[in-house]
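Take a look at the letters that make up each chain.
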There are 4 protein chains.
Amino acid sequence: MQHTTESAIDVSTLLTVRDAERVARTMLPKLALDYYRSGADAEITRRANRSAFRKWAIAYHVLVDVSRIDARVRVLGNELASPILVAPMAYQCLAHPEGERATARAAGKSETLYVTSTMATTSLEDVAREYDAASSGAGQRWFQLYVHRDRGLTRSLVERAEANGYGALMLTVDTPVLGRRLRDVRNAFKLPTGMFAANFLPAGDISKAGVDAQAAYTSGRHEPAFSWRDLAWLRSLTRMPLVLKGVVRGDDALRAVDAGASGVIVSNHGGRQLDGAVANLDALPGVVEAVASRGPSDFTVLMDGGIRWGTDVLKALALGAKAIFVGRPILWGLTVGGEAGAARVLEILRNELATAMALAGCPDVATITRDMVVRS
Amino acid sequence: MQHTTESAIDVSTLLTVRDAERVARTMLPKLALDYYRSGADAEITRRANRSAFRKWAIAYHVLVDVSRIDARVRVLGNELASPILVAPMAYQCLAHPEGERATARAAGKSETLYVTSTMATTSLEDVAREYDAASSGAGQRWFQLYVHRDRGLTRSLVERAEANGYGALMLTVDTPVLGRRLRDVRNAFKLPTGMFAANFLPAGDISKAGVDAQAAYTSGRHEPAFSWRDLAWLRSLTRMPLVLKGVVRGDDALRAVDAGASGVIVSNHGGRQLDGAVANLDALPGVVEAVASRGPSDFTVLMDGGIRWGTDVLKALALGAKAIFVGRPILWGLTVGGEAGAARVLEILRNELATAMALAGCPDVATITRDMVVRS
Amino acid sequence: MQHTTESAIDVSTLLTVRDAERVARTMLPKLALDYYRSGADAEITRRANRSAFRKWAIAYHVLVDVSRIDARVRVLGNELASPILVAPMAYQCLAHPEGERATARAAGKSETLYVTSTMATTSLEDVAREYDAASSGAGQRWFQLYVHRDRGLTRSLVERAEANGYGALMLTVDTPVLGRRLRDVRNAFKLPTGMFAANFLPAGDISKAGVDAQAAYTSGRHEPAFSWRDLAWLRSLTRMPLVLKGVVRGDDALRAVDAGASGVIVSNHGGRQLDGAVANLDALPGVVEAVASRGPSDFTVLMDGGIRWGTDVLKALALGAKAIFVGRPILWGLTVGGEAGAARVLEILRNELATAMALAGCPDVATITRDMVVRS
Amino acid sequence: MQHTTESAIDVSTLLTVRDAERVARTMLPKLALDYYRSGADAEITRRANRSAFRKWAIAYHVLVDVSRIDARVRVLGNELASPILVAPMAYQCLAHPEGERATARAAGKSETLYVTSTMATTSLEDVAREYDAASSGAGQRWFQLYVHRDRGLTRSLVERAEANGYGALMLTVDTPVLGRRLRDVRNAFKLPTGMFAANFLPAGDISKAGVDAQAAYTSGRHEPAFSWRDLAWLRSLTRMPLVLKGVVRGDDALRAVDAGASGVIVSNHGGRQLDGAVANLDALPGVVEAVASRGPSDFTVLMDGGIRWGTDVLKALALGAKAIFVGRPILWGLTVGGEAGAARVLEILRNELATAMALAGCPDVATITRDMVVRS
């Protein structure tokens, strides 16, 4: 698979996430573009994730001293420089030869939280190394986990993540079976020759074992029987805090609290799983209210999906998210300019958020209160 | 009328109902396509039946054991393997030479409830035979009835249905007069030479008697005077349970209960009768609430119209339908591949429903409760 | 001004009002088409009059004996065969050489209420004669009045109307000044040579006096000072019942009751006066409720504007209109086929209403109650 | 920068603001057109400012004596002939060589309130002179102020405004930092050679000092630290009444009351600052209610943004604005016909408002009460 990268793009010409997407769409092979952009089935939820932001308008304050904008947030007890975090994304080498290495370095340099995907085309060990080398030490990285039918494999992934200093385990809970993305089915999507789900490769003979591992993986990836009851087992494997990704209901969030999780990510997998699922921004307030009904706690509500502008971040925070994750925007940046492109997308969103906070009269995240947004 | 069927379609390449429709539209003669796709007048209700599904989003559960998806439902005291049932559809030989024979076999093999239309191009006796031969015995078939001005004819149809082992009588109540489908008027729609409304043919001389029967039928098809009062007469003709198709109001549903019916189908005849009628999914909750207000009972609320995806089924069930009927999707499948095409459409919808239930955390239909959907 | 009428249209091929409009648009000179179709300014209200009907769906009844559909209504104490009445429309000779003569005959033969416009291109005397000759005597005709600055002229019109047996006076109250129709301004609209506002012609020398009368008329047409206070004077001129056309508020309807009017027409002049005015169907319930708050009375609430289908009539009646007026549809019919075209449009709408009532389970207008429609 | 003005436009052929915009778009260089038309980022708020007017319909009165329409309003204790005021707009020489001189004369002759922008391409002294020469004395002019980092510069602007007889100080409070207009960034917008932000030019050597002043200005234009606390300082500089432009919240309006301001302008800077900010018409009622909650006062609520028709003015007044400002429409007029074009736009809007008031049955602004509009 050849990338059209003859003419290097000056990533500083990208002004918005849309710019990055527009350019990336012209560069990516159809197989990869379809894989990244698709939602499940009719893509109703993928679109709803975006349009949900249009339902809210910002009721900004004026005459507030905004000469210093402080976007720091605390997530799982750690301070992060910004509420804009990098979501786990599979198969990043489809976008750029350096794949996860590039995005990890971009996030590391930006001191942004980075989440390594189980389905990475770079091993979690390599990602950790790249991230740490790029970071001054202030950043953070988590590991995203799918529970596999093979409990030993699952355990091994958790142990490797902990051994490699990952700060938290993000368990994806919206994928008991795989959602159907029609374009991938029609493209007969599979990783191109020479690209592997690297976390499943045995050390040593990459070329052959990789293919077998991938086949084995595909058949066993999803464990539809895994339930709340089984969380205790997972908790027992590690001291890493556990965050559940894919929760959209208040009652499920409370079960997560009761199960000893440290937080939830309100997410519908970018609309890639259950088409017709509630949009994440629509689901957010219910989850936030349910958690708040238990009184003050350290339990953290995060969100992902549909963030394309700094004002989207502000809206999500006003509705109760502690921080948000971006996925596809990072992939567009990665496609366009590798590490520099991914870093540029992060920079764009951070700058936009800073401007949005200044214009909204919110010098820090504590001032982004619920009344900052109104139905539009 | 020639079908463009030189190149056989591999129905396994159809992934969605939309695929089947897309292909069918290229194959059907305009006369037939228009007959199937049309709604009445401005087709507002036909479109509203679809858009009503967009008003609801699924608030799915996570971390439920969905390793076994059980879509069984009980309808009129009988267990069915799936809540996806085959609606009565007229003149199926317009879609494919094998017409009702093909869809009946497809339904029979799938053990899906099949409803034979009064207006079939295959006699109810032949349909019964085909269905039973294909089914292992676990399936079910009902007979759909229009009340004709000629009470003797009506009685004869009921008696034939009962004699041929039909499990229930589905009386269409939304057609006191025929809705106007503009395309059919402009096409001067009538059955092509050699095709007949087979239930009105006398045994014996098909070629000539058929034409006469059809003309007689057309003039006498609708009995606008038939009312709640007359239901008792119809009940007296048979021991088959009676289901009323075309009810959209709670008060009418309660009259159906009082009249000794066993259920209602919330339906507006696919938007083919009263244009501007309330969309079926919009009408469903009111009907369900009215019936529930009488306390627990075996009275069954079903729905038809606008189902195109497995998630549509889940939404209808969450809003109180016990099961749903699909019509046009079966016709598209029949057009594309005869029995195999109709079976493929059923398979697509069943698979989609199974995936939707898994992703929604609903292992069986009892868990598809009202709170699974929210306004979007 | 030449009409493209070489090839006579068989009006029975028109199935819907839309058909008539489609054909008429190809036949009318731009000057006339623009005059008829335009709303004021941005035409928001003209469009809103149509889209308001889309906000309501019909919750139809089933199993009602609808073998006899009786659409009779009582308006101002008189029985009319149908609630579909012919609105006053200016300058009908722009549509067809026979103009008001043709529509009057069409309405007379149909025994439909016909309202002669002050701005007719045929004198009120001639219209009366044509209508009466065509009618068997069961129909009705009213006269629509603009109050002119010249009170003598106004009085003379009222006296002529009464002398010619008009059954009621319909005073247009939404035109204290003329709304701006941009197309007419750009077209520098005026009546073509040889066409006159016939009610202002002196008997005798038509050719010259007509031009003067028209100029005099134009400058004095609107009396912006005319107010509730002046209604008493108008009442004193005649024993004809008075109906106010253009009321959209409940409080104004009550003032009409207090002023001795016999009814109001909820109307915004087809969106030709105040652009941005509330849509008539949106305004209707408030007017109906206000009038009802005074207890039972003979005061009649009618409506005009935006009716294009029989189901629109049913919706308006369900929301409290006693009857409705159609304007532009008659003009399209008149354009296409003169008297026969206008009659065909009336026939289309009556047939559609009969079908709608049958399919809604409403055998007569008394059964078209408020609960027959729900928000959609 | 050359304007395409070979063929002079007869401004009387402009019938609507849209006409002016349509012509202006063909005449303006892209740099200028983009500068004027752009909103920030995705331009959601710019569009929302317009669409908010569509949410309201006018429930007009009939039979009111509207022979005299009196649109006079009192703003800051002064009577103005009309509630249609001229907003401050930067860099008007981009639209027409005579720039602010032309619009000031147009406003002066129309006796319309004119607000001089800090960012004018004509000095506030020259604008005052032009306005006063054109006005008979009945008009008014205000000065719009940005607080600059250089307090001395800010003070100097205030003192010059007061010395030149400006009647009020309009402080823009929604610009602590500059919103991003993507087209301007891509165009690398800057004033063309020979055009200056004239209020920052030292008297004397224009050619050179101008460039320096502009650069100095650009870097220091926005003072993000300026807050409610600092308002007292600004108040201490002048006896001119102070009006805050850019307030969208009730609580901020009350702080403005408490800070001794005389009024607020509900505004989001034409959607040029915080994209996603609440539409001004959506924000207006909350601001009006908050101010009213303090009881009767002279505190004035004004509005700007999105006004394109006379009925828009009526809607804004019904929702509580005392008067409204128009910006872009004046620029389109200026572009098309200089002073005559700007005057024509004012005339169009005034005539439309007079017609709207007549058709709404509102002879004066006191009768434009809250109940004149309903949600549509």
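Conventions and cut-offs
- Residues numbered from 1 in each chain as written.
- Chains lettered and ligands numbered in written order.
- Predicted model: local features only at pLDDT ≥ 70, side-chain atom pairs only at ≥ 80, totals over all residues.
- Heavy atoms only, no water.
- Least-squares fit on C-alpha atoms with pLDDT ≥ 70 in both.
- Axes fitted to C-alpha atoms, helices over the stretch in contact; angles between N-to-C directions.
- Helix = DSSP H or I, 4+ residues; strand = E, 2+ residues; numbered from the N terminus.
- Parallel < 35°, antiparallel > 145°, perpendicular 65-115°, else oblique.
- Contact = heavy atoms within 4.5 Å.
- Nonpolar A, V, L, I, M, F, W, Y, C, P; charged D, E, K, R; others polar.
- Core = buried A, V, L, I, M, F, W, Y, C linked by side-chain atoms within 4.5 Å.
- Buried < 20%, exposed > 50% of the residue type's maximum accessible area, 1.4 Å probe, protein only.
- Phe/Tyr/Trp six-rings, centres within 6.5 Å; stacked < 30°, edge-to-face > 60°.
- Lys NZ or Arg CZ within 6 Å of the ring centre and 35° of its normal.
- Lys, Arg positive; Asp, Glu negative; His and termini not counted.
- Salt bridge = Lys/Arg side-chain N within 4 Å of Asp/Glu carboxyl O.
- Polar contact = N/O pair within 3.5 Å; in protein donor to acceptor, adjacent residues only side chain to side chain.

Colleague: Can you help me understand the relation of the copies chain D and chain C in this one?
Modeller: One copy of the chain maps onto the second through a rotation about an axis and a displacement along it. You can overlay chain D on chain C at an RMSD of 0.0 Å; the transform is a turn of 90° with a shift of 0.0 Å along its axis. Taken together, the rotation and translation describe the operation of a four-fold axis.

Colleague: Whenever I open this one, the packing of helix H1 (residues 17-27) of chain B against helix H13 (residues 328-360) of chain B confuses me. Can you help?
Modeller: Working note: a packed helix pair is described by the angle between its axes plus the distance between those axes. Residues and elements named next belong to chain B. As a packed pair, H1 and H13 sit with axes 10 Å apart at the nearest point and diverge in direction by 180°. The angle between H1 and H13 falls in the class roughly antiparallel. Residue-level contacts link Val17, Ala20, Glu21, Val23, Ala24 and Met27 of H1 to Pro329, Trp332, Gly333, Thr335, Val336, Val345, Ile348 and Leu349 of H13. Split by residue class, the contact of H1 with H13 holds eleven nonpolar, two polar and one charged.

Colleague: Whenever I open this one, the nonpolar core confuses me. Can you help?
Modeller: Buried together is how nonpolar side chains tend to be arranged in soluble globular proteins. Counting residues in hydrophobic clusters, the biggest one holds 441 residues, and the most contacted among them are Leu244(A), Leu244(B), Leu244(C) and Leu244(D). Excluding anything up to four places from it in sequence, Leu244(D) contacts Leu63(A), Leu171(D), Val173(D), Trp228(D), Leu231(D), Ala256(D), Ala261(D), Gly263(D), Val264(D) and Ile265(D).

Colleague: Mind showing me how you'd approach the packing of aromatic side chains here?
Modeller: To describe a pair of aromatic rings, you give the distance between the ring centres and the angle between the ring planes. Residues and elements named next belong to chain A. Under the definition given, this model contains 28 aromatic pairs over all chains. In textbook terms, an aromatic cluster arises when at least three aromatic residues are bridged by ring pairs, as seen for Tyr35, Tyr36, Tyr91 and Phe189. Residue placement shows arginine 141 over the ring face of tyrosine 166; its charged tip is 4.6 Å from the ring centre.

Colleague: What is the right way to read the arrangement of the chains from this model?
Modeller: What separates chain A from chain C at the closest point of their C-alpha atoms is a distance of 20 Å, and the two make no contact. As for chain D relative to chain B, no contact occurs, and the smallest C-alpha gap between them is 20 Å.

Colleague: For this particular structure, what's the right way to read unusual backbone geometry?
Modeller: Across the chain, the bulk of peptide bonds are trans and the bulk of non-glycine residues have phi less than zero. Phi at Glu43(A) is positive, roughly 60°, even though this residue is not glycine. Considering the arrangement of structural elements, one finds Glu43(A) in the loop between helix H2 (30-37) and helix H3 (44-54). Looking at Glu43(A), the relative accessible area reads 9%, which means it is buried. The backbone of Tyr91(B) sits at a positive phi, close to 50°, despite the residue not being glycine.

Colleague: What am I meant to see in the side chain of Asp174(C) here?
Modeller: Topologically, Asp174(C) is positioned in the loop between strand E7 (169-172) and helix H7 (182-187). Despite its burial, Asp174(C) pairs with no opposite charge; the closest candidate is Lys245(C), at 5.0 Å N-O. Of note is the side chain of Asp174(C), whose polar atom sits 2.8 Å from the side chain of His269(C). Setting aside residues no more than four positions away along its own chain, Asp174(C) makes contact with Lys245(C), Gly246(C), Ser267(C), Asn268(C), His269(C), Gln273(C), Tyr60(D), Val62(D) and Leu359(D).

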